[in-house]
Amino acid sequence: MTEYNGCVTCKSADKVLEKFIAQLPMETSHQRVESQKLKCGFGLQGVCCRLCANGPCRITPNSPRGVCGATSDVMVVRNFLRAVAAGSGCYIHVVENVARHLKNTAQAKGPLKGLQTLDRLCEMIGIAGADSYEKAIKVADAVLADLYKPDFEKMQLVQKLAYAPRYQTWQKLGILPGGAKSEVFKGVVKTSTNLSSDPVDMLVDCLRLGISTGLYGLLLTNLLNDVLLGEPKIRMAPVGLRVIDPEYINIMITGHQHVLFAHLQEQLVQPEIVKLANAAGAKGFRLVGCTCVGQELQLRGVHYTGLFEGHAGNNYASEAILATGAIDVVLSEFNCTLPGIEPICDTLNIKQICIDNVAKKANAEMKQFSFEEKARISTEIINETIEAYKTRRPKTTLNLLKEHGNDNTLTGVSEVTLKEFLGGNWSPLIDLIVSGQIKGVAAVVGCSNLTAGGYDVLTVELTKELIAKDIIVLTAGCSSGGIENCGLMTPQAAELAGPKLKAICQKLGIPPVLNFGPCLAIGRLETVAVELAKALNIDLPQLPLVLSAPQWLEEQALADGAFGLALGLPLHLGLPPFITGSKVAVKVLTEDMKQLTGGQVIINADAKESANILEQIIMDKRKALKI
Amino acid sequence: MSQIQRIMIDHTKCNGCKSCSLACMQAHRQDSGSLYDLDLTDGTNESRNSIQTDANGVYFPLFCRHCDDPQCVSACMSGAMTKNPENKLVQYDGKQCAACFMCVMNCPFGIIKPDNPTKTYVIKCDFCAKDKNGPNCVRACPNKAIYIEEVV
């Protein structure tokens, strides 16, 4: 905890923001960590069950079973599967919306900006078409058909999307998923009162949900998004609260569904619309990136120059971004839109508009996105935004933070652009790994939270430790937002890397931490891993590659984690996902998984220790590969 | 400032969360670790406090009172139970204990109990003597239903 003028906030890796938040006149999540610091031990261990009227039941030495007879293993794994199913549901909702949007756009012969990706997708899943529209419709239909299958019918694209050795492992383990939505449904049913009491069977379900989440919710969402919105391009971009320019009408976007902003984005740069902003006294409109959808826009930022101001921060920066007073509207469509922004929006007269009712905020005006009515919806949003700007700005004192962030964060890294950067194939990276110039690869992914050492503390510290060991770090998720604002994605951060990695970074002019953007881009990281494994003719668990979600926050992260385990990758977490009350869950996830998929969970909240453990795993894998 | 401290109880603030019991187990566990990996099924690690309910379901958290006139000390024949003359805490020395359980029978609050698995010693609050921050149960209570008071 840190104290400024009697205000206690949680520790932060981002010192500039930490000071700013501590001096704000309003309360944020960073202050509430203190008043919520006493945690319930039963909750932490996952041994509180509220599934029936006999509960809540908790496990103690004197009460080793719930009233129904459920053991700690049953309670823990039931809770865990519920969380994984919910997390999967979130991502499946996203891919469903993206696929529907692609189909609608293609049917209306609307803009398709990533035709190379469309062709790549068609090749992957074996689709041919007379033109791009027909191809896009067929791709969208194939995705949607799989999502809507019952749980007893296997999804057709899994074999086409998965790396062959993985597919075989999954087939052998019997974890090929049925329809992705039905798998979520099954997870909810199984974990209801007095249904499944088999912890191992439920953990197997988690892996199955991991596969449907990863291949559809992550991998396909990126590809479909790229087709619609344009492919990423590597470039330098400004990040942090400095990107906010009060001379514009500013819309802060939060969520995970970039496509829902596609039409509005086009409109906001139309000369006649800009004139409306001019008439209100502003230079035009700007989108301020926040949470993963901000990362999406940053990744594809080359297509939105003049509109997208930059990524200001991740979920736990959102309150501070609003507190600058320069945001006029929050336009949200999904998580991680914190309820805590509501009182701040009230205080600063910031209008909230929500365009997907699964994430309806209490304060927000609901304008459910619909493809057919997108023109009307965009017009209404624009008019209300201008109105909000006109009424609130005269009575608002700005509290900007121009010194926050930096101007040269490398962004636009994807499975395609990184390969292009390397000269069109992966051999330069493989050569560096084989020769030991780069010891291995660590994907530092997932969310941002305030409790694993504080705001992004473990994420940033672990990243620093890893690069100092000549391990290159790739990021995806809100972890990216924290790491970029702390400067680790600028070329200058090469100074923090070990001597070998530093030399490579300096030669290429790149940072030692490569930003793939939102959590959805974990799907891009999977492609990178698969392509490296393919080039080496090995399976994924053999790669000197580790996953870490040091500051995982949400149920979605647990579904991502289940994907990582299904891929057979070592997965580090800073805090345990409420499972330590079950000896079975701990054993299966941290030990037995190595024999099942090749993966394993490692739980450690200390940056140095975690980095050492991950380095050791990488060294063991190198040794097994005789490199 | 008095050296004599007591855990005071405001039972109306207790919501039965048992954080005090887990804190007690955590403070007295034999292995090391965090609240995350405290073994909640380990019968050898027993909480020195407990929460009881009356007929109406009202919670009554029970903690050793370290009584002014401790019946457990008076009843103890082996010298295992003693009243510390300085801090006035009732201390238990397991090495001296003959496991006659006269203390258990004489405790007016029914707080001292034999250990469950072996019945060879008693479970008794030590006011977290080894912890300079004092009783862990008090710090763990989210509702301040238990608190430390200096006694003159």
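Residues numbered from 1 in each chain as written. Chains lettered and ligands numbered in written order. Predicted model: local features only at pLDDT ≥ 70, side-chain atom pairs only at ≥ 80, totals over all residues. Heavy atoms only, no water.

### Considerations on the overall build of chain B
- When helices and strands are counted, chain B shows 4 helices and 8 strands.
- Counted from the first residue to the last, chain B has its helices and strands arranged as β-α-β-β-α-β-β-α-β-β-α-β.
- Compactness check: chain B gives a C-alpha radius of gyration of 15 Å against a globular reference of 15 Å for 152 residues, within 12% of the reference.
- Summarising its shape, the C-alpha atoms of chain B cover approximately 40 × 40 × 35 Å along the three principal directions.
- Expressed as a percentage of its 152 residues, the buried residues of chain B come to 38%.
- For chain B, long-range pairs separated by at least 24 residues make up 56% of all intrachain contacts whose partners lie at least 6 apart in sequence.
- Summed over all atoms, the accessible surface of chain B reaches about 8400 Å², with 53% contributed by carbon and sulfur.
- With 16 positive and 16 negative side-chain charges, chain B shows a separation of 1 Å between the mean positions of the two kinds. (Helix = DSSP H or I, 4+ residues; strand = E, 2+ residues; numbered from the N terminus. Rg over C-alpha atoms; globule rule 2.2 N^0.38 Å. Buried < 20%, exposed > 50% of the residue type's maximum accessible area, 1.4 Å probe, protein only. Contact = heavy atoms within 4.5 Å. Areas by Shrake-Rupley, 256 points an atom, 1.4 Å probe, with all protein chains shown as cover. Lys, Arg positive; Asp, Glu negative; His and termini not counted. Charge placed at Lys NZ, Arg CZ, Asp CG, Glu CD.)

### Here's the deal with unusual backbone geometry
Residue and element names in this part refer to chain A.
- Of note, the amide linkage connecting Gly55 to Pro56 takes the cis form, showing an omega dihedral of -5°.
- Here the bond from Asn335 into Cys336 is cis, since omega is 10°, no more than 30 degrees from zero.
- Looking at the element boundaries, Cys336 is found in the loop between strand E9 (329-332) and helix H15 (341-347).
- Although it is not a glycine, Thr291 sits at a positive phi angle of roughly 60°.
- In this structure, Thr291 sits in helix H13 (residues 291-299).

### Topic: the domain arrangement of chain A
Residues and elements named next belong to chain A.
- When the domains of chain A are assigned, the result is domain 1 (72-229), domain 2 (241-395) and domain 3 (409-624).
- Averaged C-alpha coordinates put domain 2 and domain 3 at centres separated by 31 Å.
- Residue-level contacts link 18 residues of domain 2 with 25 residues of domain 3.
- Around 1600 Å² of area is buried between domain 2 and domain 3 when both sides are counted, 55% of it from carbon and sulfur atoms.
- Per-residue buried area on domain 2 facing domain 3 is highest for Leu299, Asn314 and Tyr316; these three make up 37% of the total on that side.
- Remark: the boundary between domain 2 and domain 3 carries 0 salt bridges. (Domains from an automatic or database assignment. Buried area = accessible area lost by both parts, 1.4 Å probe. Salt bridge = Lys/Arg side-chain N within 4 Å of Asp/Glu carboxyl O.)

### Considering the domain arrangement of chain B
All names here are of chain B.
- On domain assignment, one finds that chain B holds domain 1 (1-63 + 129-152) and domain 2 (67-124).
- A separation of 19 Å is found between the C-alpha centroids of domain 1 and domain 2.
- Interface of domain 1 and domain 2: buried area, both sides summed, is about 920 Å²; carbon and sulfur atoms make up 53% of it.
- For domain 1, the biggest contributors to the area lost against domain 2 are Arg6, Glu46 and Arg48; these three give 54% of the whole.
- Counting across the domain 1 and domain 2 interface gives 1 salt bridge.
- At the junction of domain 1 with domain 2, the criterion picks out 3 residue pairs in polar contact (both at pLDDT 80 or more).
- Among the residues making up the side of domain 1 that touches domain 2, the classes are represented as 3 nonpolar, 5 polar and 3 charged. (Polar contact = N/O pair within 3.5 Å; in protein donor to acceptor, adjacent residues only side chain to side chain. Nonpolar A, V, L, I, M, F, W, Y, C, P; charged D, E, K, R; others polar.)

### Focus on the interface of chain A and chain B
- Between chain A and chain B, the contact holds 18 residues from the first and 21 residues from the second.
- Summed over both partners, the interface of chain A with chain B comes to about 1600 Å²; 60% of that surface belongs to carbon and sulfur atoms.
- Contact with chain B buries area across many residues of chain A, yet A:Leu38, A:Gln45 and A:Pro61 alone supply 33% of it, more than any other trio.
- Run the count over chain A and chain B and you get 1 salt bridge.
- Ionic pairing is found between A:Lys583 and B:Asp39, a salt bridge with its closest N-O pair at 3.0 Å.
- Scanning the region where chain A abuts chain B turns up 9 residue pairs in polar contact (both at pLDDT 80 or more).

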